[in-house]
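Single-letter residue listing:
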Amino acid sequence: MMMNDSVSSFIERLKKCPDLDGVRILSSYPCAIKPTQLDRAVIAVGFCDADMSSSGLGEDSRAGCYSVFADIFLPWKKDNSVMGDIFKNICLCVGDMNILSIKADRIAVDKATASFVLKSVFTFNEEIDFGGDDGE
C-alpha cells in the first residue's frame, strides 16, 4: 500500500463515520493555506512510518506494517473532554482495518492554532505488493 493510499483510505473511513459529523477531517500538510486559529475540532491525518520485510524464508511475498498519525485539534474555547470522545470514535471507525497498535499522547497545547492537541498513531498490518510477477 502506498503512503498516499494509506492516508486516503484512513481519511475516507473517518469521513464516513457518523459519530464524527461536525469534525473537520483533512490530510496533514496539503497544499493549502490554513487558518491560524480553529473554530471547530479538526483531525489532521498523515503518513508516519513503515517497516517491511520478507514474510517468510524463501518466499517472494513481503509483509510489514505502516503507521498513520491522526492529530486531534480542539479550540481552547471548547471543552477538552470532547477529545476523548473523538479519539474513541476514530478507534471505532477504523477498528476493522487490521490494526496492530494504537498510541495516544496526553493532551497538549498548540499555541499556533490556539487549540488543544491529542496526537495519536495507528499502526496497521499489511501485505506489500512491490509490483512485478514475482513480488519484486
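Read on for an overview of the structure. (Residues numbered from 1 in each chain as written. Predicted model: local features only at pLDDT ≥ 70, side-chain atom pairs only at ≥ 80, totals over all residues. Heavy atoms only, no water.)

**What about the pairing of strand E6 (residues 115-118)?**
Line of reasoning, step 1. Side chains Ser115 and Val117 of E6 all project onto a buried face; the interleaved residues Phe116 and Leu118 project onto the opposite face, where all are buried too.
Line of reasoning, step 2. Strand direction decides the pairing type here: strand E3 (residues 62-75) and E6, joined by four bridges, are antiparallel. By the bridge assignment for E6, Leu74 is matched with Phe116.
Line of reasoning, step 3. With three bridges joining them, strand E5 (residues 108-110) and E6 adopt antiparallel strand pairing. Looking across to E6, one finds that Asp110 is bridged to Ser115.
Line of reasoning, step 4. Following E5, the chain reverses through four residues before pairing antiparallel with E6; Ala114 in that reversal takes a positive phi of roughly 50°. (Buried < 20%, exposed > 50% of the residue type's maximum accessible area, 1.4 Å probe, protein only. Helix = DSSP H or I, 4+ residues; strand = E, 2+ residues; numbered from the N terminus. Pairing = 2+ DSSP bridges.)

**Structural notes on the state of the cysteines**
Line of reasoning, step 1. By the definition in use, this model includes one disulfide.
Line of reasoning, step 2. There is a disulfide in this structure between Cys17 and Cys93, and the S-S distance comes to 2.1 Å. Looking down the S-S bond of the Cys17 and Cys93 bridge, the torsion is -80°, so its handedness is left-handed. Here Cys93 lies in helix H2 (residues 82-93) and Cys17 lies in the loop between helix H1 (3-15) and strand E1 (24-27), a separation of 76 residues in the sequence. Note on accessibility: Cys17 and Cys93 belong to one class, buried.
Line of reasoning, step 3. Of all cysteine sulfurs in the structure, the one in Cys93 sits closest to Cys91, which takes part in no disulfide; the separation is 9.3 Å. (Disulfide = S-S within 2.5 Å.)

**Thoughts on the pattern of salt bridges**
Line of reasoning, step 1. Throughout the structure, instances matching the rule amount to three salt bridges.
Line of reasoning, step 2. A salt bridge links Lys103 to Asp105; its shortest N-O distance comes to 3.7 Å.
Line of reasoning, step 3. Taking relative accessible area as the criterion, Lys103 reaches 52% and is therefore assigned exposed. (Salt bridge = Lys/Arg side-chain N within 4 Å of Asp/Glu carboxyl O.)

Geometry only, nothing functional implied.
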